[in-house]
Amino acid sequence: MRIAEIFRSIQGEGRLTGVDSVFVRCSGCNLRCRWCDTPYASWTPEGEDLSAAEILEKVSELFFLSRGVLTGKNSSDTFSAHVVLTGGEPMLFAELIPLAAALGDRRWHITIETAGTLYLPVACDLMSISPKLSNSTPSPELDPRWTWRHTLNRHAPEVIRRLLAEYDCQLKFVVDCPADCREVEEYLAEFPEIELSRVMLMPQGVEAEVLAEKAVWLGPYCEAHGFTFCPRRQIEWFGAQRGT
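Residues numbered from 1 in each chain as written. Predicted model: local features only at pLDDT ≥ 70, side-chain atom pairs only at ≥ 80, totals over all residues. Heavy atoms only, no water.

### Quick word on the environment of Lys-132
Thinking step 1. If you trace the backbone, Lys-132 turns up in the loop between strand 6 (126-129) and helix 3 (144-153).
Thinking step 2. It is 9.5 Å that separates the C-alpha atoms of Lys-132 and His-150, two residues lying 18 residues apart in sequence.
Thinking step 3. Other than its neighbours up to four places away in sequence, Lys-132 contacts Leu-31, Cys-33, Trp-35, Ala-115 and Arg-154.
Thinking step 4. Only 3.1 Å separates the side chain of Lys-132 from the side chain of Ser-130, close enough to count as a polar contact. (Helix = DSSP H or I, 4+ residues; strand = E, 2+ residues; numbered from the N terminus. Contact = heavy atoms within 4.5 Å. Polar contact = N/O pair within 3.5 Å; in protein donor to acceptor, adjacent residues only side chain to side chain.)

### Some points on the sheet that holds strand 4 (residues 82-86)
Thinking step 1. If you walk across this open sheet you meet the 9 strands as 3-1-2-4-5-6-7-8-9, and the pairing is mixed. Edge positions in the sheet fall to strand 3 (48-49) and strand 9 (228-229), since each has one partner strand and no second.
Thinking step 2. When strand 1 (residues 2-10) meets strand 2 (residues 20-26), the two strands line up antiparallel, connected through 7 bridges. By the bridge assignment, Arg-8 is partnered in strand 2 with Val-22.
Thinking step 3. In the packing of helix 2 (residues 96-105) onto the sheet, the strands contacted are strand 4 and strand 5 (109-114), and the crossing angle to strand 4 comes to about 170°.
Thinking step 4. Those strands touched by helix 6 (residues 208-225) are strand 7 (169-175), strand 8 (199-203) and strand 9, and its axis lies near 155° from that of strand 8. (Pairing = 2+ DSSP bridges. Axes fitted to C-alpha atoms, helices over the stretch in contact; angles between N-to-C directions.)

### Here we look at unusual backbone geometry
The bulk of non-glycine residues show a negative phi, and the bulk of peptide bonds are trans.
Thinking step 1. Omega for the bond connecting Gly-87 with Gly-88 falls within 30 degrees of zero, at 10°, which places this linkage in the cis form.
Thinking step 2. The phi dihedral of Arg-107 is positive, around 60°, even though this residue is not glycine.
Thinking step 3. With respect to the helices and strands, Arg-107 occurs in the loop between helix 2 and strand 5.
Thinking step 4. Here Arg-107 falls in the exposed class, since its relative accessible area comes to 60%. (Buried < 20%, exposed > 50% of the residue type's maximum accessible area, 1.4 Å probe, protein only.)

### Quick look at the side chain of Arg-198
Thinking step 1. Looking at the secondary structure, you find Arg-198 in the loop between helix 5 (179-189) and strand 8.
Thinking step 2. The contacts of Arg-198, once residues within four sequence positions are left out, are Leu-164, Tyr-167, Cys-169, Gln-170 and Leu-171.

Below you can see the structure in the form of structure tokens.
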């Protein structure tokens, strides 16, 4: 797998916000969101090719060297390690299957961050799906080829239904303006099996001030419609920088 970065930080989004986690960011994506905040894993993918064993070793070191333990084999039953497999799009890589299996063998909690356009039979405790709305489509001026490809691939209902049926899921929608909320409603009408308690709306932005401005109207909308407002705490805590 091509890996852009592996780092330890605090989860800033979703139901596990605030949880100490190790993040494995795959490099490569089948979409090109116009507002992507990790272009080094999509538009201009960076990184090195690592085997599942090499990735596992790096994750183990980040979790356990500070505890004086080199691997998870000797960890106590009370210690719960959280690993987030993200990207880019991790479901692009078949190597994700043995990596997730090895993490699962150590009884570590696995979150997979995906756009929900691709499927792999992976071990996973929480499938964090971020369906891409039309606001994600890159402009033709930016890249006409990717405008077409992104539009074609960003919505894969058969994949969404399979993930919903097989995993514990949360759905995070990136909302840029009030009009996007109507598109979220239309999207959810296509999947009546989705419980509203699983749905989170997250403001688009990489600056704390911008996120705060959008929270003024997005927070009340979520409360009125039974959704969960999902602030991007990592931006508030660390700013928009790598390794967070």
